[in-house]
Amino acid sequence: MFLFIALSLALCFIVQMASPLPSLLIMPFIIYIGTFLAIASILGVVFKKGSATIWHDLFSSSTLLAWFAYWHSLFNEGSPMFFFFPLYFVFLAAFIEMRALGQRPHIDDMSLKQMRTFANNNIVQPWIIMVGVLVSLQLPQHFLLYPVMMTLLLIRFALSRYLGRS
């Protein structure tokens, strides 16, 4: 998730600096590119082509760009959510990266079995949550739905990474 973390940090700095770069990020083709990459990432996860980590990172990064480009024109200039949501994503993704990659304590077999059962449940499949993230982009009147869905996706990603290493 290093691309997502770097992009979120860059977005925090871009929003806080007085530069013309935000006007470049709100162009309509950014929305189209972000949506296309997000859909390609969903297909990559569904058909299990390549690394799931790369697909999650690409999906998260592309939806972040699409979110900024689409929502920036709908809200007031200087709205704090364009700084705080990416900053929240940086801290959450960095925490997940440290926990998923770092040493993990020994977990008993019953808990591991329950975690695998939960991960194999159809409702918490990564592609379903990814579709939910894309739907949340279309609902700017529910402005907290996008960060909530991204949080669920990051938690599901952490579960996948944790179970993949066990």
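Note: the structure precedes this text.
Residues numbered from 1 in each chain as written. Predicted model: local features only at pLDDT ≥ 70, side-chain atom pairs only at ≥ 80, totals over all residues. Heavy atoms only, no water.

What follows covers the overall build of the chain. Helix and strand counts for the chain come out as 8 helices and 0 strands. Going from N to C terminus, the chain has its helices and strands arranged as α-α-α-α-α-α-α-α. Relative to the 2.2 N^0.38 estimate, which gives 15 Å for 166 residues, the radius of gyration of the chain is 16 Å and therefore close to what a compact globule would have. Dimensions along the principal axes, computed over C-alpha positions, put the chain at roughly 55 × 30 × 30 Å. Sorting the 166 residues of the chain into buried and exposed places 42% on the buried side. Contacts spanning at least 24 positions in sequence make up 78% of the contacts within the chain whose residues lie at least 6 apart. Of the accessible surface of the chain, which amounts to about 9,400 Å², a share of 73% is contributed by carbon and sulfur atoms. (Helix = DSSP H or I, 4+ residues; strand = E, 2+ residues; numbered from the N terminus. Rg over C-alpha atoms; globule rule 2.2 N^0.38 Å. Buried < 20%, exposed > 50% of the residue type's maximum accessible area, 1.4 Å probe, protein only. Contact = heavy atoms within 4.5 Å. Areas by Shrake-Rupley, 256 points an atom, 1.4 Å probe, with all protein chains shown as cover.)

So, on to the environment of Ser73. Locating Ser73 in the fold gives a position in the loop between α4 (52-71) and α5 (81-101). As a C-alpha pair, Ser73 and Ile26 span 47 residues in sequence and 7.5 Å in three-dimensional space. A polar atom in the side chain of Ser73 sits 3.5 Å from the backbone oxygen of Tyr70. (Polar contact = N/O pair within 3.5 Å; in protein donor to acceptor, adjacent residues only side chain to side chain.)

Moving on: unusual backbone geometry. Even without being glycine, Lys48 reaches a positive phi, approximately 50°. Inspection of the secondary structure assignment puts Lys48 in the loop between α3 (28-46) and α4. What makes Lys48 exposed here is its relative accessible area of 70%.

Let us look at the side chain of His72. Along the chain, the position of His72 falls in the loop between α4 and α5. The exposure class of His72 is buried, given its relative accessible area of 10%. With near-sequence residues (within four places) excluded, His72 lies in contact with Ile26, Trp67, Glu77 and Phe82.

Scanning the model with the defined rule gives 1 salt bridge in all. As a salt-bridge pair, Arg161 and Glu97 come within 3.4 Å of each other at their nearest N and O atoms. Remark: Glu97 occurs in helix α5 and Arg161 occurs in helix α8 (residues 145-165); sequence separation between them is 64 residues. For Arg161, a relative accessible area of 15% puts it in the buried group. In this structure Glu97 comes out as buried when scored by relative accessible area, which is 5%. (Salt bridge = Lys/Arg side-chain N within 4 Å of Asp/Glu carboxyl O.)

The next thing to look at is the side chain of Ser62. Within the secondary structure layout, Ser62 lies in helix α4. Polar side-chain contacts of Ser62 include one of 3.0 Å to the backbone oxygen of Phe59. Among all residues touching Ser62, those that are not within four sequence positions of it are Gly34, Leu37 and Ala38.

Within the largest apolar cluster, 34 residues are counted, with the highest numbers of intra-cluster contacts made by Phe4, Phe59, Leu64, Trp67, Phe89, Tyr146 and Met150. In terms of residue count, α5 provides more of this core than any other element does, 8 residues in total. Sequence-distant contacts of Phe4, defined by excluding residues within four places in its chain, comprise Asp57, Ser60, Ser61, Leu64, Phe89, Ala93, Met150 and Leu154. Among the nonpolar cores identified, the runner-up in size contains 6 residues, and Ile107, Leu112, Ala119 and Tyr162 belong to it. (Core = buried A, V, L, I, M, F, W, Y, C linked by side-chain atoms within 4.5 Å.)

Attention shifts here to the packing of aromatic side chains. Tallied over the entire structure, the rule returns 12 aromatic pairs. Centre to centre, the rings of Trp67 and Phe82 are 5.2 Å apart; their planes meet at 45°, and the pair counts as tilted. Residue Trp67 is found in helix α4, and its partner Phe82 is found in helix α5; the two are separated by 15 residues along the sequence. This pair shows no difference in class: Trp67 is buried, exactly as Phe82 is. (Phe/Tyr/Trp six-rings, centres within 6.5 Å; stacked < 30°, edge-to-face > 60°.)

Take it as geometry only, folks, not as evidence of what the structure does.
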